[in-house]
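Results of the structural survey
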Amino acid sequence: MLRTFLCVYRCGGVARAAGLLGLSQPAVSRHLKTLEGVMSRTLFQRLGRGVAPTQAGHLLAIQIAEHLDALEDAVTALTPADTASPVLLGAPSDLLSVYVLPRLAPLLSQGVDVHCRIGLCPELAQVLLNDELDLVVVTKIEQAPTRQLHLRHICDEEFILVGRAGEEPYSPKNDGRRFIGYSPAMPMARRYFRTCWGIEPPSPALTVADLRTVVAAVAAGAGLSVVPRYLAQGALDAGRLSVLHTPDTTVSNSIYLAARRGRQHLPQIRAVFELLCPAA
């Protein structure tokens, strides 16, 4: 019953907890009702979608979480290594190649299989919530549904406004040069323009869902773009790109690794968190 309670507490819903625990929804509801009867306390308030813990529910979770997690860790330690489940991981292609995969080599050397899916953050977050992936890389600017996710910080990325080498500095006033984005919503450019000038960016003339290709298109003279510095630095150093604006305050964005709440303690998922978020 306590394990069922904690799973419902962490994922915020009876149906989702039932899926994670391999139980029917009526069975999960019975566990909760029995536990509430034993404690003579209401542990959850039923909402239109999902449940919210009461004060008694919060207190119980604080008291038992560490102990139940320790017991699960002890069982995991006794499980043969060759029974490890594969990891299903989603990320934007640039982050996957530049940051994620180079840090997962130790996991692969331990015999754990990793299967990757490439996509944009909003799509990947929804796929994660549908239980089609174990982990995804998401960004704050994509407004991920954090209530349902366990998030840990990976790194911060700095946004810069770039053009082909030799381009004139950019100012939004009377500057008609076209922009390139990785999606029509232009979230990076939107963050940059709102921070620097308090306005929306121009609509993109070209979109491509791969930031490395965006950088290549800018270097070829197809337009301007706002991109993470780590992806543009090589082209800047080689003289193919120029930074066209220097903001008063650095414009940056936080990147997170996310799992469904209640699943972050599974051994293969915890191992990925430890490799990608070592400072957390």
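Anyway, here's the lowdown on the structure attached to this text. Note that this is a predicted model, so its numbers are computed, not measured. (Residues numbered from 1 in each chain as written. Predicted model: local features only at pLDDT ≥ 70, side-chain atom pairs only at ≥ 80, totals over all residues. Heavy atoms only, no water.)

Let us now look at the nonpolar core. Of all hydrophobic cores here, the largest spans 28 residues; its most connected members are L161 and L241. Per element, the largest residue contribution to this core is five residues, and it comes from helix α9 (residues 211-219). Setting aside residues up to four positions removed in sequence, L241 forms contacts with V162, G163, R164, A165, V215, V218, A219, A232, A235 and L236. One finds A91, L95, V100 and L276 within the second-largest nonpolar core, a separate group that totals 24 residues. (Core = buried A, V, L, I, M, F, W, Y, C linked by side-chain atoms within 4.5 Å. Buried < 20%, exposed > 50% of the residue type's maximum accessible area, 1.4 Å probe, protein only. Helix = DSSP H or I, 4+ residues; strand = E, 2+ residues; numbered from the N terminus. Contact = heavy atoms within 4.5 Å.)

A few words now on the environment of G234. In this structure, G234 sits in helix α10 (residues 229-237). Taking the C-alpha atoms as reference points, G234 and V98, separated by 136 residues in sequence, lie 13 Å from one another.

A separate point is the packing of helix α1 (residues 2-11) against helix α3 (residues 25-39). It is the contact of α1 with α3, at a shortest axis distance of 9 Å, that shows an interaxial angle of 110°. Classed by the angle they form, the pair α1 and α3 counts as roughly perpendicular. On α3, the residues touching L2, T4, F5 and V8 of α1 are V28, H31, L32 and L35. Across the contact of α1 with α3, the residue classes tally to six nonpolar, two polar and no charged. (Axes fitted to C-alpha atoms, helices over the stretch in contact; angles between N-to-C directions. Parallel < 35°, antiparallel > 145°, perpendicular 65-115°, else oblique. Nonpolar A, V, L, I, M, F, W, Y, C, P; charged D, E, K, R; others polar.)

On to the packing of aromatic side chains. According to the stated counting rule, one finds eight aromatic pairs in the structure shown. Ring centres of F5 and F44 lie 5.4 Å apart, and the angle between their planes is 45°; this geometry places the pair in the tilted category. Remark: F44 occurs in strand β1 (residues 44-46) and F5 occurs in helix α1; sequence separation between them is 39 residues. An aromatic cluster is built from Y170, F179, Y192, F193 and W197, whose rings are joined through pairwise contacts. (Phe/Tyr/Trp six-rings, centres within 6.5 Å; stacked < 30°, edge-to-face > 60°.)

The next point concerns the state of the cysteines. Taken as a whole, this structure holds zero disulfides when the rule is applied. Distance from the sulfur of C121, which forms no disulfide, to the nearest cysteine sulfur (C155) is 12 Å. C121 sits in the buried class, given a relative accessible area of 5%. The structure places no disulfide on C155, whose sulfur is separated from the nearest cysteine sulfur, that of C277, by 9.1 Å. (Disulfide = S-S within 2.5 Å.)

This part takes up a nonpolar patch on the surface. A contiguous nonpolar patch, built from M1, V38 and M39 and spanning about 270 Å² of accessible area, is present on the exposed surface. In this fold, M1 is placed in the segment before α1. (Patch = residues over 30% accessible without salt bridge, like charges linked within 9 Å, V, L, I, M, F, W, Y side chains within 5 Å. Areas by Shrake-Rupley, 256 points an atom, 1.4 Å probe, with all protein chains shown as cover. Salt bridge = Lys/Arg side-chain N within 4 Å of Asp/Glu carboxyl O.)

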